[in-house]
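A look at the structure
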Amino acid sequence: MPEIEFNNIVKRFGRVTVLEDLNLQVDDGEFLVLLGPSGCGKTTLLNMLAGLQEVTGGSIVIGGRDVTDLDPKDRGLAMVFQSYALYPTKTVRGNLKFGLSVQKLDRAEIERRVAWAANLLQIDKLLDRKPAQLSGGQRQRVAIGRALVKNVDVFLFDEPLSNLDAKLRTEMRLEIKQLHQELEKTIVFVTHDQVEAMTMASRIAVMNGGVIQQIATPDEIYERPANLFVAQFIGSPAMNTLKATVERADGSVSAVHAPTGARIDLSAYSFSAAPKDGDAVIVGLRPEHFSIGCNGHADAGAYFSLPVRYTEKTGSDVTAFLDSGDGGLIAVRFDHKHHHVPKMGEMVEIHFPKDRFDIFDAASEKRI
Ligand code: ATP
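Residues numbered from 1 in each chain as written. Predicted model: local features only at pLDDT ≥ 70, side-chain atom pairs only at ≥ 80, totals over all residues. Heavy atoms only, no water.

**What to know about the environment of Gln140**
For the record, the criterion: In this description a helix means any DSSP run of H or I spanning at least four residues, a strand means any run of E spanning at least two, and both kinds are numbered starting from the N terminus. Only protein chains enter the accessibility calculation, which uses a 1.4 Å probe; a residue is then buried when its area is under 20% of its type maximum, exposed when over 50%, and partly exposed in between. Residue contacts follow a heavy-atom distance rule, with two residues in contact if any of their heavy atoms lie within 4.5 Å.
Within the secondary structure layout, Gln140 lies in helix 4 (residues 136–148). Residue classification places Gln140 among the buried positions, given a relative accessible area of 0%. Along the primary structure Gln140 and Arg203 are separated by 63 residues, whereas in three dimensions their C-alpha atoms are 24 Å apart. Contacts of Gln140, omitting those with residues within four sequence positions, involve Val80, Phe81, Tyr84, Pro160, Leu161, Leu164 and Met172.

**Observations concerning the packing of aromatic side chains**
To describe a pair of aromatic rings, you give the distance between the ring centres and the angle between the ring planes. Applied cut-off: We call Phe, Tyr and Trp rings a pair once their centres come within 6.5 Å, taking the six-membered ring for Trp, and we label the pair stacked below 30 degrees between planes, edge-to-face above 60, and tilted otherwise. The criterion is that NZ of a Lys, or CZ of an Arg, lies within 6 Å of the ring centre and within 35 degrees of the ring normal, and then a charge sits over that ring.
One pass over the full model with this rule turns up nine aromatic pairs. In this structure an aromatic cluster arises from ring pairing among Phe290, Phe304, Phe352 and Phe357. In this arrangement the basic side chain of Lys90 is found over the ring face of Tyr87, its NZ or CZ atom lying 5.9 Å from the centre.

**Here we look at the nonpolar core**
Soluble, globular proteins show a tendency: their nonpolar side chains are buried together. The condition is simple: Among the buried residues, those of types Ala, Val, Leu, Ile, Met, Phe, Trp, Tyr and Cys that are joined through side-chain atoms within 4.5 Å form a nonpolar core.
Core analysis: the largest hydrophobic core is formed by 47 residues, its most contacted members being Ile123, Ile144, Phe155, Phe157, Ile176 and Phe189. Examining the composition of this core, we find that five residues originate from one element, helix 4, more than from any other. In contact with Phe157, other than residues within four places in its own chain, are Leu46, Val80, Ile144, Ile176, Ile187, Val188, Phe189 and Val190. Core analysis: the next-biggest nonpolar cluster, separate from the first, contains 30 residues, Ala262, Ile264, Leu266 and Phe352 among them.

**Considering the site of the ligand**
Worth spelling out the cut-off: Neighbouring residues are identified by heavy atoms, a residue being near a molecule or strand if any of them is within 4 Å of it. Polar contact is the term for a pair of N or O atoms within 3.5 Å; when the atoms are in protein, one must be able to donate a hydrogen and the other to accept it, and sequence-neighboring residues count only if both atoms are side-chain atoms. For accessible areas, the Shrake-Rupley method is used with a probe of radius 1.4 Å. Any residue's cover is judged against the shown protein chains and nothing else. All residues other than Ala, Val, Leu, Ile, Met, Phe, Trp, Tyr, Cys, Pro, Asp, Glu, Lys and Arg, Gly among them, are scored as polar; the first ten of these are nonpolar and the last four charged.
The full set of residues close to the ligand is Phe13, Val18, Pro37, Ser38, Gly39, Cys40, Gly41, Lys42, Thr43, Thr44 and Glu159. Backbone polar atom of Cys40 to an oxygen atom of the ligand: 3.0 Å apart, as the coordinates give it. Protein chains shield 56% of the accessible area of the ligand, which is 630 Å² for the free molecule. Among the residues forming the shell around the ligand, the class breakdown is four nonpolar, five polar and two charged.

**Some words on the side chain of Gln194**
Tracing the backbone shows Gln194 in helix 6 (residues 194–200). For Gln194, the contacting residues outside a window of four places in its chain are Leu35, Phe233, Ile234, Gly235 and Ser236.

**What about the side chain of Glu159?**
How we decide: Charge counting follows a simple rule: Lys and Arg are positive, Asp and Glu are negative, and His as well as the terminal groups are ignored. Any carboxyl oxygen of Asp or Glu within 4 Å of a side-chain nitrogen of Lys or Arg constitutes a salt bridge here.
Mapped onto the elements of the fold, Glu159 is located in the loop between strand 7 (154–158) and helix 5 (166–183). The side chain of Glu159 is buried and forms no salt bridge, while Lys42, the nearest opposite charge, is found at 4.1 Å. When residues no more than four places from it in sequence are discounted, the contact partners of Glu159 are Lys42, Gln82, Val190, Thr191 and His192.

**Quick notes on the environment of Leu34**
Along the polypeptide, Leu34 turns up in strand 3 (residues 31–35). Judged by its relative accessible area of 1%, Leu34 is buried. Separated by 188 residues in sequence, Leu34 and Tyr222 place their C-alpha atoms 15 Å apart. Among residues more than four places away in sequence, those in contact with Leu34 are Leu24, Lys42, Leu45, Val188, Phe189, Val190, Thr191, Ala205 and Met207.

**A closer look at the sheet that holds strand 20 (residues 358–361)**
Heads up, the condition is: Only strands that DSSP links by at least two bridges are regarded as paired with each other. Working convention: axes come from line fits to C-alpha atoms, limited for helices to the stretch in contact. Angles between N-to-C directions cover 0 to 180 degrees.
One open sheet accounts for five strands, arranged 13-12-11-14-20; its pairing is antiparallel. The open sheet is flanked by strand 13 (262–265) and strand 20, the only strands paired with a single partner. Averaged over all neighbouring strand pairs, the angle between strand axes comes to 40°, with direction disregarded. Pairing of strand 12 (residues 252–257) with strand 13, which is carried by four bridges, proceeds in the antiparallel orientation. Counterpart to His257 in the pairing with strand 13 is Ala262.

**Re the sheet that holds strand 9 (residues 203–208)**
An order of 6-7-8-3-9-10 is seen for the six strands of this open sheet, with the pairing classed as mixed. Strand pairing shows two members of the sheet lacking a second neighbour, strand 6 (77–80) and strand 10 (211–216), which therefore form its edges. Pairs of neighbouring strands in the sheet enclose a mean axial angle of 15°, with direction left out of account. Sheet analysis places strand 3 next to strand 9, joined by four bridges and oriented parallel.

Laid out in C-alpha cells, this is it:
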C-alpha cells in the first residue's frame, strides 16, 4: 500500500488553475523529490499534503486514511521549511520541545526524544543556545530536529537547503540522505535543484506547469527522459538538441542534421515508436558523452567538425561551446588533462557514441 496518495488533485487560486487532475503515489519509506522550475506548483502540492492549503478538488490519503479535510496537526506528518521558522526567543532545547507541545507527552518522554534528535543531528552541545547564536547549518539542523522529535511516519521538506552556502548544502544533502537511510521514514522533498534531486531521491517527480512530466528513479530520468523538458532540465550543461530529419534506406535508420550535414546513425537506438522516413525529430546529445576526434571509431554514431565559439573551465573539466551552424551551440564536455583546451575559432572534431542518443518527436516533444 502506498504511504501517500494524491487522487485527481485540482488547485485553483481564483480563476488561475495551478494543478489540474494530478495523481501521484509515494511508497512507504520512499524519498520522493518534487523537482521543477519556480512556479511549477511543487510547494502548493506539498502545502496541500501538509494541510496548510486546501485542495479545490480531489483527495489526499496518508497511510490509508483520507486526510483531505483534516487539520495539519492530525495528519501524522512533520514539515521542515526553507525559512527554518525557529522561535528566536527560545533556546535550541525550547525549539525542539515546542514541536511536541500539542502531543501531550510526559516530561521524561519529551526529554528522551529531544536528547535522541540532538544526538542524531550533532546539536547536543548547542541545546542552551538561542538561534541567533547558531550558524545557518546549525539552525537548519534544529529545524530538522524539531520535525524529528514528533516521531511521525512522513516528513516534508520545502527547499530546506536553499539558504545555505554551496559547501554546507553538499554536507546537509549527505546528512539528510543518511538520516533517511537510518530512520526508514517516508520523505517528500521539494526543490528546484537537480543535483539535490539526483543525489538524494529514491524517485523524482519532475514537474512543469502544474503537470508531472515523469516519475522515475534518478538513473531512469537521466538515461531515459520521457520528454524534451525533462531531458533539458536534468544535466549540466543541458543536453544539446538538434532538429533532424529521419532517413530510412535498406533497413537502416538515420537522421540528418541539415546545418552541419551530419548523418546520425540511429541503428543502435531502441525506438518505442519507430519514426517514418521524412519525420522531423529532435536528437538529444549530452555534452559529457562526446569524445574528441573524428572518423573510424567503431562505437561512433555521429561525427562533427565545428568551430569553437568559447570555452568554460571548471576545475578538471572543460566545456567547449561549438557553433552548430544554425545559430545555436553544441556544448561538449571533456577532461582537459587528456586534451588541449581549444581556442576560439579553432575547428574541433568530435564524435558521439551511437548507443547514447535520446530521440524525441519534433511536434509532441515526447521520447520515441
Ligand atoms: P517556487 O520554487 O518559486 O516556490 P513552486 O513550484 O513551489 O515555485 P508554487 O509556489 O507552488 O510554485 O506556485 C505555483 C503557482 O501558483 C505559481 O504560478 C504561483 O504564482 C501560483 N500561486 C501560488 N500561491 C498563490 C496564491 N495564493 N494566489 C494566486 N496564485 C498563487
